[in-house]
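Structural characterization, general
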Amino acid sequence: MSATFGGQRLNLGRELLANNKSIANYSGKEIVMGVRPASFEDARITSDIVGGSFEVELQVVEVLGSETFAHFDLPVRPVVTPDIEELLTDSGADASTLGDTTRITARISSDVMVRAGERITIVVDNNKLHFFDPATNLRIY
């Protein structure tokens, strides 16, 4: 089983599928996938590519000692939750102002130097993905 987002395809990990048995009920449907920053790594650091890798162009880089936060954009519409809708309304905006890309943050090792504008291969741990039902905003287990 795999998940597709922003033109990328990730095979879902065995551990993930074992712990999220309901995910099979959503096969072929659009759902929300979450990935925490710590679930990414620069491919030059890890030889154990658990899930998959893809190339990204870094937009912003924050070096914070032993870790680096690397920010990149994917061509995926931003997820608009009721809380985000409320914030947009309070600021006089609507969801259309968010555009068609989503900024993703990856926490990678500072053992490799990266710069904004650089293209790197990022690895995603496919056992650490999170899925949500867009109709209810509830996590899929």
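Use the structure listed above.
Residues numbered from 1 in each chain as written. Predicted model: local features only at pLDDT ≥ 70, side-chain atom pairs only at ≥ 80, totals over all residues. Heavy atoms only, no water.

**Describing the side chain of histidine 130**
In this fold, histidine 130 is placed in strand E9 (residues 129-132). In this structure the side chain of histidine 130 is engaged in a polar contact, spanning 2.9 Å, whose partner is the side chain of arginine 139. (Helix = DSSP H or I, 4+ residues; strand = E, 2+ residues; numbered from the N terminus. Polar contact = N/O pair within 3.5 Å; in protein donor to acceptor, adjacent residues only side chain to side chain.)

**Side note on the nonpolar core**
Judged by nonpolar contacts, the single largest core of 23 residues is most densely connected at Phe40, Phe54, Phe72, Ile122 and Phe131. For this core, the elements supplying multiple residues, two or more each, are strand E1 (2-5), strand E5 (52-63), strand E6 (67-74), strand E7 (102-109), strand E8 (119-124) and E9. The residues touching phenylalanine 72, leaving out its near neighbours within four places in the chain, are Phe40, Phe54, Val56, Glu57, Leu58, Gln59, Thr102, Arg103, Ile104 and Ala106. (Core = buried A, V, L, I, M, F, W, Y, C linked by side-chain atoms within 4.5 Å. Buried < 20%, exposed > 50% of the residue type's maximum accessible area, 1.4 Å probe, protein only. Contact = heavy atoms within 4.5 Å.)

**Remarks on the pattern of salt bridges**
Within this structure, the stated rule accounts for eight salt bridges. Note that arginine 44 is salt-bridged to glutamate 118, the shortest N-O span being 4.0 Å. One end of the pair, arginine 44, is in the loop between strand E4 (40-42) and E5; the other, glutamate 118, is in the loop between E7 and E8, with 74 residues separating them in the sequence. A residue is classified by how much of its surface remains accessible, and arginine 44, at 48% relative accessible area, is partly exposed. (Salt bridge = Lys/Arg side-chain N within 4 Å of Asp/Glu carboxyl O.)

**Observations concerning the sheet that holds E5**
Pairing is antiparallel across the open sheet formed by five strands, whose spatial order is E4-E8-E5-E6-E7. The sheet is open, and its two borders are formed by E4 and E7, each paired with just one other strand. Averaged over all pairs of adjacent strands, the angle between their axes in this sheet comes to 50°, without regard to strand direction. Of the strand pairs in this sheet, E6 and E7 are connected by eight bridges, and their pairing is antiparallel. Directly across from threonine 68, in E7, lies its bridge partner isoleucine 108. (Pairing = 2+ DSSP bridges. Axes fitted to C-alpha atoms, helices over the stretch in contact; angles between N-to-C directions.)

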